[in-house]
Amino acid sequence: MTAKGGAAPSPGGAGAAAGTGRFFTVGLVTAWYSSNIGVLLLNKYLLSNYGFKYPIFLTMCHMSACALLSYAAIAWLRVVPMQLVRSRVQLAKIAALSLVFCGSVVSGNVSLRYLPVSFNQAVGATTPFFTAVFAYIMTVKRESWVTYLTLVPVVTGVIIASGGEPSFHLFGFIMCIGATAARALKTVLQGILLSSEGEKLNSMNLLLYMAPIAVIFLLPATIFMEDNVVGVTIQLAKKDFTIVWLLLFNSCLAYFVNLTNFLVTKHTSALTLQVLGNAKGAVAVVVSIMIFRNPVSITGMLGYSLTVIGVILYSESKKRSNKP
């Protein structure tokens with residue numbers, strides 16, 4: 001009994017709550033892994049194996065789902081409080097981010113038409129290199145020499161992997177590099193454009209505003225650059241309605257990637273997400289090789305391994321340099 005005569009907290013109850021919390025976190029991480037790797041593999045299947053050769057239209061489907069589901073999650077389900085855009089200037093900044101975001105996603109999807117997922121992930125792992133370059137150019141932010149040194153194996157690994165990649169395709173490689181650079185540019189731009197306290201948005205609200213703007217950018221692009229894409233999709237659906245379910249599932253999965261990304265960060269930390277992200281690339285490579293049976297070389301795998309080691313060293317160096 002307590003001093004006031006009430007029952008003391010049960011140790012068993014506290015342990016059960018902790019166990020439930022761990023179970024919830026493990027479930028979130030599993031969902032994050034599944035959605036990230038799932039959307040990547042399904043994009044590859046649609047654009048390469050299935051023969052749906054319309055990456056801009058596919059990206060527009062993703063953004064449409066993100067716009068609708070973001071609104072439902074925030075306005076109806078109240079997953080996070082809605083943050084309002086305060087000015088036209090802030091809206092213009094979000095539109096600029098959305099344009100870069102579109103470029104990144106479209107380029108990444110285009111690269112999947114020509115490159116295996118394993119090599120796509122190897123190139124994508126060089127994001128820290130481009131982030132450091134853009135941060136230096138646009139903000140004159142200098143890292144320690146140790147941090148820059150860790151980028152050497154990141155780049156060297158991709159060069160080695162490129163030389164040893166049996167399915168290397170120059171255009172696909174250029175698109176993948178472009179997607180990686182655009183992803184890094186968005187991160188740096190977001191830090192610059194939405195830096196003031198009044199303009200900062202959490203990732204869910206930022207997606208709520210970026211996604212419909214992205215659809216506006218992508219609609220004319222798919223109409224002019226992907227000839228008769230709607231007509232072709234309708235014809236495919238008449239022959240095999242599976243394509244409709246695949247596109248719907250893929251689009252919802254693309255939103256789920258963003259939702260689980262936000263929730264994992266909220267319930268763990270940004271550092272945990274970074275560590276999980278490093279491991280995710282390796283898991284995606286193994287799973288994709290098992291599913292698509294694409295040929296790999298020892299040289300290519302050694303190059304990718306070197307890049308991953310470089311990324312881990314870079315993360316550790318950044319973590320130490322950010323400590324007070």
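Now for a quick tour of the structure. Owing to the predicted nature of the structure, the values given are computational and were not obtained by experimental measurement.

1. A look at the overall build of the protein chain
Here is step 1: Summing up its helical and strand segments, the protein chain has 12 helices and zero strands in all.
Here is step 2: In the protein chain, the order of α-helices and β-strands from amino to carboxyl end is α-α-α-α-α-α-α-α-α-α-α-α.
Here is step 3: Here the C-alpha atoms of the protein chain give a radius of gyration of 22 Å, agreeing with the 20 Å that 2.2 N^0.38 yields for 324 residues.
Here is step 4: Overall, the protein chain is about 75 × 50 × 45 Å in size when its C-alpha atoms are taken along their principal axes.
Here is step 5: Within the protein chain, the proportion of its 324 residues that are buried is 46%.
Here is step 6: With an accessible surface of roughly 16,700 Å², the protein chain has 70% of that area assigned to carbon and sulfur atoms.
Here is step 7: For the protein chain, the centre of its 23 positive side-chain charges and the centre of its 8 negative side-chain charges are spaced 8 Å apart.

2. A short note on the packing of helix α3 (residues 88–114) against helix α8 (residues 203–225)
Here is step 1: Across the interface, α3 lies against α8 with an axial gap of 8 Å and an inter-helix angle of 65 degrees. With respect to α8, the element α3 is oriented roughly perpendicular. As α3 runs across α8, the sense of the crossing is right-handed. Of the residues in α8, those in contact with L91, I94, A95, L97, S98, L99, F101, C102 and V106 of α3 are L206, Y209, M210, I213, A214, F217 and L218.
Here is step 2: In terms of residue class, the contact of α3 with α8 is built from 15 nonpolar, one polar and no charged.

3. Some points on unusual backbone geometry
Here is step 1: Positioned with a positive phi, R78 is a non-glycine residue whose angle comes to about 55 degrees.
Here is step 2: Among the structural elements, R78 can be located in the loop between α2 (55–76) and α3.
Here is step 3: Residue classification places R78 among the exposed residues on the basis of a relative accessible area of 64%.

4. Observations concerning the environment of S35
Here is step 1: Counting through the fold element by element, S35 comes out in helix α1 (residues 11–49).
Here is step 2: Residue S35 is classed as buried on the basis of its relative accessible area, which comes to 1%.
Here is step 3: Taking the C-alpha atoms as reference, S35 lies 9.6 Å from C252; in sequence the two are 217 residues apart.
Here is step 4: Those residues in contact with S35 that sit more than four places away from it in its chain are L253, F256, V257 and T260.
Here is step 5: Of the polar contacts made by the side chain of S35, one reaches the side chain of T260; its length is 3.3 Å.

Cut-offs applied
- Residues numbered from 1 in each chain as written.
- Predicted model: local features only at pLDDT ≥ 70, side-chain atom pairs only at ≥ 80, totals over all residues.
- Heavy atoms only, no water.
- Helix = DSSP H or I, 4+ residues; strand = E, 2+ residues; numbered from the N terminus.
- Rg over C-alpha atoms; globule rule 2.2 N^0.38 Å.
- Buried < 20%, exposed > 50% of the residue type's maximum accessible area, 1.4 Å probe, protein only.
- Areas by Shrake-Rupley, 256 points an atom, 1.4 Å probe, with all protein chains shown as cover.
- Lys, Arg positive; Asp, Glu negative; His and termini not counted.
- Charge placed at Lys NZ, Arg CZ, Asp CG, Glu CD.
- Axes fitted to C-alpha atoms, helices over the stretch in contact; angles between N-to-C directions.
- Parallel < 35°, antiparallel > 145°, perpendicular 65-115°, else oblique.
- Left-handed = near helix turned anticlockwise from the far one by under 90°.
- Contact = heavy atoms within 4.5 Å.
- Nonpolar A, V, L, I, M, F, W, Y, C, P; charged D, E, K, R; others polar.
- Polar contact = N/O pair within 3.5 Å; in protein donor to acceptor, adjacent residues only side chain to side chain.

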